[in-house]
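Analysis of the macromolecular model
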Amino acid sequence: MLPMLAVGCAGLTGQQAPAPVEPYYKTPVPQPPKPIVKQKPVAPPEVKTAPSLPSAPPAWATPAEKVQSTQLSPVAIAMISDADRSAGAGNLDSAAAVLERGLRIEPRNATLIYKLAEVRLKQAKPKQAEDLAKKSAILAGSDNALKKRCWLLIAEAKKIQGDLAGAMDAHLKAGSF
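Right, let's walk through the structure included here. (Residues numbered from 1 in each chain as written. Predicted model: local features only at pLDDT ≥ 70, side-chain atom pairs only at ≥ 80, totals over all residues. Heavy atoms only, no water.)

For the chain, the helix and strand inventory stands at seven helices and zero strands. Counting every position in the chain, which comprises 177 residues, the buried fraction comes to 31%. A separation threshold of at least 6 residues defines the contact pool for the chain, and within that pool the share at least 24 residues apart is 49%. Accessible surface, the chain as shown: approximately 12900 Å² in total, 62% of it carbon and sulfur. (Helix = DSSP H or I, 4+ residues; strand = E, 2+ residues; numbered from the N terminus. Buried < 20%, exposed > 50% of the residue type's maximum accessible area, 1.4 Å probe, protein only. Contact = heavy atoms within 4.5 Å. Areas by Shrake-Rupley, 256 points an atom, 1.4 Å probe, with all protein chains shown as cover.)

Here you go:
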């Protein structure tokens, strides 16, 4: 049987031409025809809602002088509310942590920086409070009420540190706003 196989294979080599081989990337792949649909696009129904009125800002956002509440984002309002609750309960470390977290989200928010300065002053850290209040006053822009509160806080911090002349200067600067 083995000789028969050898003879059968030997006879094919000289008589047949090799099959053509095409690369796989040149062979066309049949695509199904795309259906043609003639429809107009349908717009989603218009939903009409009543305009919502903005809620009143919390008590801290409206002192005797008007504060521009447009500067405060919802994140800042929530962080300040949480910090006020913590500080009111006597937990100044928690209030500071909440405000610092808010400043990681909005590092240039002058109101958050001012509130942290207030907490630092209550924690008996007047130098940090002074530095934060100065930064807040710089970032306050056109918010003169916030600038005034910053300089009053600076005056208080300087008085605690024993710098009565600096406290007087800061108090006079606060009067200019």
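So much for the structure itself; the text now carries on.
The next point concerns the environment of Leu-132. Inspection of the secondary structure puts Leu-132 in helix 5 (residues 126–139). Between the C-alpha atom of Leu-132 and that of Lys-115, which follows or precedes it by 17 residues, the distance is 9.1 Å. Excluding anything up to four places from it in sequence, Leu-132 contacts Ile-113, Leu-116, Ala-117 and Arg-120.

Before going further, it helps to examine helix 3 (residues 92–105). With 14 residues, helix 3 should cover 20 Å at 1.5 Å per step; its first-to-last C-alpha distance of 20 Å lies within 8% of that length. Taken together, the buried positions of helix 3 are occupied by Leu-92, Ala-95, Ala-96, Val-98, Leu-99, Gly-102 and Leu-103. For helix 3, the buried positions fall inside an angular range of 160° around the axis, keeping them on one side. Facing away from the buried side of helix 3 by more than 90 degrees, the exposed set consists of Asp-93 and Arg-104. Elements that come into contact with the buried residues of helix 3 comprise helix 2 (74–88) and helix 4 (110–122). (Expected span 1.5 Å × (residues − 1). Arc of directions from axis to C-beta.)

Moving on to the packing of helix 2 against helix 4. Viewed as axis vectors pointing N to C, helix 2 and helix 4 meet at an angle of 10°, and their least axial separation amounts to 10 Å. Relative to helix 4, helix 2 is oriented roughly parallel. For the pair helix 2 and helix 4, contact is made by Ala-76, Met-79, Ile-80 and Asp-84 and by Thr-111, Leu-112 and Lys-115, respectively. (Axes fitted to C-alpha atoms, helices over the stretch in contact; angles between N-to-C directions. Parallel < 35°, antiparallel > 145°, perpendicular 65-115°, else oblique.)

Before going further, it helps to spend a moment on the pattern of salt bridges. Evaluated as defined, the whole model comprises nine salt bridges. The residue Glu-100 makes a salt bridge to Arg-120 at a minimum N-O spacing of 2.3 Å. Here Arg-120 lies in helix 4 and Glu-100 lies in helix 3, a separation of 20 residues in the sequence. By relative accessible area, which is 31% here, Glu-100 ends up partly exposed. The partner of Lys-134 in a salt bridge is Glu-130, and the shortest N-O contact between them spans 3.0 Å. Taken together, the residues span about one helical turn, with Lys-134 and Glu-130 both in helix 5 at a distance of four residues. Given a relative accessible area of 32%, Lys-134 falls into the partly exposed group. Connected through salt bridges with shared partners, the residues Glu-130, Lys-134, Lys-158 and Asp-163 form a single ionic network. (Salt bridge = Lys/Arg side-chain N within 4 Å of Asp/Glu carboxyl O.)

The backbone of Ala-124 shows a phi angle near 65°, a positive value even though the residue is not glycine. Locating Ala-124 in the fold gives a position in the loop between helix 4 and helix 5.

Let's shift gears to helix 7 (residues 164–175). The end-to-end C-alpha separation of helix 7 is 17 Å, in line with the 16 Å expected for twelve residues at 1.5 Å each. Turning to helix 7, its buried residues number three or more, namely Gly-166, Ala-167, Ala-170 and Ala-174. Buried residues of helix 7, seen end-on, are gathered within an arc of 100° and therefore sit on one face of the element. Turned more than 90 degrees off the buried face of helix 7, the exposed positions are Leu-164, Ala-165, Asp-169, Leu-172 and Gly-175. Contact partners of the buried residues in helix 7: helix 6 (144–160).

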